[in-house]
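# Per-entry structural report
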Amino acid sequence: MAKLLEIKGLKKYFEIKKGFFSKPVFLKAVDGVSLEIKKGEAVSIVGESGCGKTTLGKTILRLYEPTGGKIVFEGRDITHEEAKNLMWYRRAASLVQQDPYGSLPSFFTIYKILEEPLIIHKVGTKEERREMIYKALEAVKLTPVDFFASKYPHMLSGGQMQRVCLARAIILKPKFIVADEPVSMLDASVRIEILKLMRELQEKMGVSFIYITHDLATTRYFSEKLMIMYAGKAVEKGPIEKVIADPLHPYTEALLNAIPDPEPENRKKIRHVPPGEPPNLVNPPPGCRFHPRCPRAMDICREKEPPEVKIGDRTVACWLYSEK
Ligand SMILES: Nc1ncnc2c1ncn2[C@@H]1O[C@H](COP(=O)(O)OP(=O)(O)O)[C@@H](O)[C@H]1O
Ligand SMILES: [Mg+2]
């Protein structure tokens, strides 16, 4: 598979205190993340709340200006490309957000909501646009399409709204979609349905996906590759089956241990989750950011940041696997 997107050492720092008389204070939400995505590939990004997932997704989409590193999409370096030159990228890459209610304008019909991106990008005649809107509604299984096209957002359920958001994300036939916790605000009963629909769209359209979630258990429905984030860093990357069957990083292991086991037999086992909280990203701990919570921390982990090392088709940033 050909490469679609490459990010290298990507950083996004938020200036949370301006430095007029003293030094400015930065919150390092994303701090040197690298990742490659091939055409048609789905990658899940998993980590606890506040570890920088949304910031990473929005920076990749260039909704934020990166502080450092590089973003290359189809061979074009877009790291610092000006907004006026990014219209093609807005069309090629889209976002599905966590809150379907908050991301749809309440005073438009579903038809108008779906027509808006087509108008912005000057796509098709009125009739052609109608055709595209109906096709998108069909693709996300909101049928009869006439019925749903005439509704307003508040008339729909959360699951139906998220389908509209998906329809809007695919209507311009993008090559890449970032879905940021797309099911976390939905009822548990519709979550799997929406994830399966996303998977179906991904396979049918050959679109590449980043699926962002704090819930490692849901990634099995979706992706072939997994990236685990902790405190603004990628700690482990690899094919999903391998990472889940045999986690390398102690943090990945902890996340896996926190998933309730569907087997009643195993449920009785005491599951080990390291105590403590993720660190403050203004002043992260020295060395490995996970060391204060890591059951296997060594002296070096408190002093030096572990480099990313390749182990077969996997990558891990942990001193257990590096030359010291
Ligand atoms: N616009 C912003 N300004 C300042 N800090 C932000 C901003 N957006 C996010 N943050 C901070 O960056 C860190 C990562 O946030 P976020 O990317 O939303 O994490 P996640 O999506 O993994 O929950 C958090 O500490 C959050 O408070
Ligand atoms: Mg988030």
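A few points on the structure.

Counting secondary structure elements, the protein chain contains 11 helices and 12 strands. Taken over the C-alpha trace, the protein chain has a radius of gyration of 21 Å; the compact-globule value for 324 residues is 20 Å, and the two agree within 12%. Viewed in the frame of its principal axes, the protein chain has a C-alpha envelope of about 65 × 60 × 40 Å. By residue count, 39% of the 324 residues in the protein chain fall in the buried class.

Around ligand 1, 13 residues are found, and the nearest of them are Phe14, Ala29, Lys53, Thr54 and Thr55. For the shell around ligand 1, the element with the most residues is helix H1 (residues 53-60), which contributes three residues. Looking at side-chain class alone, the shell around ligand 1 contains six nonpolar, six polar and one charged residues.

A few words now on the environment of Ala217. Structurally, the position occupied by Ala217 is in the loop between strand S8 (208-213) and strand S9 (225-230). The class of Ala217 is partly exposed, set by 15 C-beta atoms lying within 10 Å.

Further remarks concern the sheet that holds strand S5 (residues 76-77). Reading across the sheet, the four strands line up as S2-S1-S4-S5 and stay open at both edges, with antiparallel pairing between neighbours. Each edge of the open sheet carries a strand with a single partner, namely strand S2 (25-38) and S5. By the bridge criterion, 11 bridges tie strand S1 (residues 3-17) to S2 in an arrangement that is antiparallel. Opposite Tyr13, over in S2, you have Lys28 as the bridge partner. Of the strands in this sheet, S1, S2 and strand S4 (68-73) touch H1, which is tilted by about 65 degrees from S2.

To continue, consider the pairing of S8. Within S8, six of the six residues are buried, which leaves it mostly tucked inside the rest of the structure. Burial along S8 is two-sided: the face carrying Ser208, Ile210 and Ile212 and the face carrying Phe209, Tyr211 and Thr213 are both buried. Bridge analysis of strand S3 (residues 42-46) against S8 gives five bridges, and the strand direction is parallel. Pairing of Ser44 across the sheet is with Tyr211, part of S8. Pairing of strand S7 (residues 176-180) with S8, which is carried by five bridges, proceeds in the parallel orientation. The residue bridging Ile177 from the neighbouring strand is Phe209, located in S8. Chirality of the crossover, the property in question, places the unit of S7, helix H7 (residues 188-205) and S8 among those that are right-handed.

Relative to each other, helix H3 (residues 110-120) and helix H6 (residues 158-170) sit at 25 degrees, their axes nearing to 9 Å. By the angle class used here, H3 and H6 are roughly parallel. Judged by the sense of rotation from one axis to the other, the crossing of H3 with H6 is right-handed. Of the residues in H6, those in contact with Ile110, Ile113, Leu114 and Pro117 of H3 are Val164, Ala167 and Arg168. Classifying every residue of the contact of H3 with H6 by side-chain character gives six nonpolar, no polar and one charged.

Moving on: the environment of Phe290. Looking at where Phe290 falls in the secondary structure, it is placed in the loop between helix H10 (264-267) and helix H11 (299-303). Spatially, the C-alpha atoms of Phe290 and Tyr230 are 7.3 Å apart, while their sequence positions differ by 60 residues. Those residues in contact with Phe290 that sit more than four places away from it in its chain are Tyr230, Val235, Pro250 and Tyr251.

So, on to the nonpolar core. Ala167, Ile228, Met229 and Val235 are the most contacted members of the largest nonpolar core, which totals 80 residues. For this core, the leading source of residues is H6, giving seven residues. Other than its neighbours up to four places away in sequence, Ala167 contacts Leu114, Ala136, Leu137, Ala139 and Val140.

Rules behind the numbers
- Residues numbered from 1 in each chain as written.
- Chains lettered and ligands numbered in written order.
- Predicted model: local features only at pLDDT ≥ 70, side-chain atom pairs only at ≥ 80, totals over all residues.
- Helix = DSSP H or I, 4+ residues; strand = E, 2+ residues; numbered from the N terminus.
- Rg over C-alpha atoms; globule rule 2.2 N^0.38 Å.
- Buried ≥ 20, exposed ≤ 12 C-beta atoms within 10 Å, placed from the backbone.
- Near = placed C-beta within 6 Å.
- Nonpolar A, V, L, I, M, F, W, Y, C, P; charged D, E, K, R; others polar.
- Pairing = 2+ DSSP bridges.
- Contact = placed C-beta atoms within 7 Å.
- Axes fitted to C-alpha atoms, helices over the stretch in contact; angles between N-to-C directions.
- Right-handed = clockwise from strand over helix to strand, strands pointing away.
- Parallel < 35°, antiparallel > 145°, perpendicular 65-115°, else oblique.
- Left-handed = near helix turned anticlockwise from the far one by under 90°.
- Core = buried A, V, L, I, M, F, W, Y, C linked by C-beta atoms within 7 Å.

Just geometry here; none of it tells us what the structure is for.
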